[in-house]
Amino acid sequence: MKIRNIVFPLVTAALVVCAVPARRVSEAGRAPMYVEGVCASEITLREDSPVVVEKEELIFRPEKDSEWTQFEEYGASYTAEYILYNPSSEDAVLKLGLPLNLPRDFSDGITAEKVAERCALTANGKKVAGNLRFNFDADLAAETTDAFYSPDLPVREYECTVDLPESCRNSRCLLRLECSYNPDKTRFITPEVCGSDFENGALTIEFLLSEPRQTLRFAVFGEPIRIASCEVWEIYFSAESERFIASAAYDVIKETTLAEHIRGYFPNDIEMSEEEAFLFAVSNFEHAAHGVLNGWVEDIDPDRIPRRIEYEILVPSGERTAHAVTVPLFPSYSEGSRTFFYDFSAAWAWAEFGELSIAVQTDSEYEFFSRFDFKETDGGFVHIRDFLPMERLQFQLNDISPVGGGGLSELEVAFLILGVLAAVAVVIIAVCFVRRRRKLRAADGSSQQVGRTDRE
């Protein structure tokens, strides 16, 4: 058999594989491989009520190829429909809250106001008006706040500006502050801290310098500190190798109270009372070692503060009210996969809770996974139970490429091409080896024949 009779079909096969259309990632899919969403939440009661939830129907509508990072064109949502019954002898006004959990990563332009505009609240088919408020329990914060903090606690705000010399601007430099204080009577609040150490009443804090000229601000709550030194150091790759650059000047730029200091974190037009702002900030102070607090010097972005829509609906005595809320969904997703989360309210928050029905409206182009016992239907998947679950609902939808439609991915095509070319190379080598052996045998046979002829 000739080599070309073997090689030609294999090369042709490789060309055919190259012609298979690769499955390319869409422009939207060129975002990071994984984007973290947020958990959706059920409505909550803001105060006790005799109203009974006879039935809740939860409907999820995930849109195919719809990503919330493109919020203007985004349409995925869920609807929670409640049948509420008032068994008492008096009309009941339900005071409710709908939490709006907003994504943090890759969420530029997704504000609480924009999300609230996409929400629909109805009672017996009629629109219900609500107010957008911060989702913050001031009473709980007041009960759990560290007793160290009080609105009139003295605060000193410091500022230190560092100009790095030209020789150090491509190096790793630190501002090192050494001081002494009593951690039971003093707290620090700083921008990002590279490191801190407290020993025998002396505190060392290091700030990483990332700009040629940088101004660092920090504040001290409570009793004053005694600063021993404030210096710039150049740090080399070895932790034990460092070089002193210069001393840095610092100033106390303001003396105020904690309440006034905290108010400076918030925009002037924020709809938050003085007391709420104080309790919110203090409840979010994250304690590091030695009383050093990180991350609250910069302005607070209101869009990063949890929000809720507060509203009221009437359930007349002895009657039923159909109440529904529709809210955008923010799943976590990677290419070809989306994961949805939903938190239920506590069953004890209601006077009584009846049947729960959960429906996920999908088509046959999805693979569906969940720990809940869903049943497949013509329109998607359904789960029914006669009590409110304690655990979070989670389900995942994975895309399925239609048969013959999606093609191969670029990586799959590359592996197929390499495999075919490798097979071609092996066959060529094998055929060449066989032909060479045949030639050698033929040559050896000829020489033996010549030898016998000479002897005769």
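Residues numbered from 1 in each chain as written. Predicted model: local features only at pLDDT ≥ 70, side-chain atom pairs only at ≥ 80, totals over all residues. Heavy atoms only, no water.

## Digging into the overall build of the protein
Tallying secondary structure elements over the protein gives six helices and 30 strands in all. Taken over 456 residues, the protein has a buried fraction of 40%. Taken as a whole, the protein presents about 26,100 Å² of accessible surface, with 50% of it coming from carbon and sulfur. (Helix = DSSP H or I, 4+ residues; strand = E, 2+ residues; numbered from the N terminus. Buried < 20%, exposed > 50% of the residue type's maximum accessible area, 1.4 Å probe, protein only. Areas by Shrake-Rupley, 256 points an atom, 1.4 Å probe, with all protein chains shown as cover.)

## Regarding the pattern of salt bridges
Considering all chains together, one arrives at 18 salt bridges under this definition. Between Arg-176 and Glu-206 there is a salt bridge whose closest N-O contact spans 2.8 Å. Taken together, the residues span a long stretch of sequence, with Arg-176 in strand β12 (residues 172-180) and Glu-206 in strand β15 (residues 202-209) at a distance of 30 residues. For the salt bridge of Arg-371 with Glu-391, the shortest nitrogen-to-oxygen distance reads 4.0 Å. Here Arg-371, found in the loop between β26 (366-370) and β27 (375-377), pairs with Glu-391, found in the loop between β28 (380-385) and β29 (393-399); they are 20 residues apart in sequence, far enough to count as distant. (Salt bridge = Lys/Arg side-chain N within 4 Å of Asp/Glu carboxyl O.)

## What to know about the packing of aromatic side chains
The description of an aromatic ring pair uses the distance of the two centres, along with the angle that the planes make with each other. One pass over the structure, following the stated rule, counts 24 aromatic pairs. Ring geometry for Trp-68 against Phe-330: centres 6.0 Å apart, planes inclined by 80 degrees, an arrangement best described as edge-to-face. Pair noted here: Trp-68 is in the loop between β5 (52-61) and β6 (77-85) and Phe-330 is in the loop between β22 (320-328) and β23 (332-334), with a separation of 262 residues, a long-range link. Accessibility classification places Trp-68 together with Phe-330 in one group, the buried group. Seen from their ring centres, Phe-71 and Phe-330 are 6.1 Å apart, and the 20 degrees between their planes marks the pair as stacked. Of this pair, Phe-71 sits in the loop between β5 and β6 while Phe-330 sits in the loop between β22 and β23, placing them 259 residues apart in sequence. Residues Phe-71 and Phe-330 agree in their burial class; the two are buried. (Phe/Tyr/Trp six-rings, centres within 6.5 Å; stacked < 30°, edge-to-face > 60°.)

## Some thoughts on the environment of Glu-81
By secondary structure assignment, the location of Glu-81 is in strand β6. Along the sequence, Glu-81 and Leu-58 sit 23 residues apart, while their C-alpha atoms lie 6.4 Å from each other. Excluding residues within four positions of it along the chain, Glu-81 makes contact with Lys-55, Glu-56, Glu-57, Ile-59, His-323 and Ala-324. (Contact = heavy atoms within 4.5 Å.)

## Thoughts on the confidence of the model for the protein
Averaged over every residue, the pLDDT of the protein is 80; residues scoring 70 or more account for 77%. Note that pLDDT drops below 50 for residues 16-32; the model gives that stretch 26 contacts with residues more than four away or on any other chain. Contacts for the low-pLDDT stretch residues 403-407, under 50 throughout, to residues beyond four places or in other chains number four contacts. (pLDDT = per-residue confidence, 0-100.)

## Details of the pairing of strand β17 (residues 226-235)
Note on strand geometry: in a regular strand, side chains alternate between the two faces of the sheet. In terms of burial, β17 is a largely internal element, seven of the ten residues being buried. Taken together, the nine bridges between β12 and β17 define a ladder with antiparallel strand orientation. Bridge pairing links Arg-172 to Ile-235 in β17. Note that β17 and strand β18 (residues 242-247) share five bridges and pair antiparallel. Across the sheet, Trp-233 pairs through a bridge with Phe-244, a residue of β18. (Pairing = 2+ DSSP bridges.)

## Some remarks on unusual backbone geometry
Phi angles above zero are rare outside glycine, and Asn-124 is one such case at about 55 degrees. You can see Asn-124 is positioned in the loop between β8 (120-123) and β9 (126-127). Exposure remark for Asn-124: the relative accessible area of 49% places this residue in the partly exposed category.

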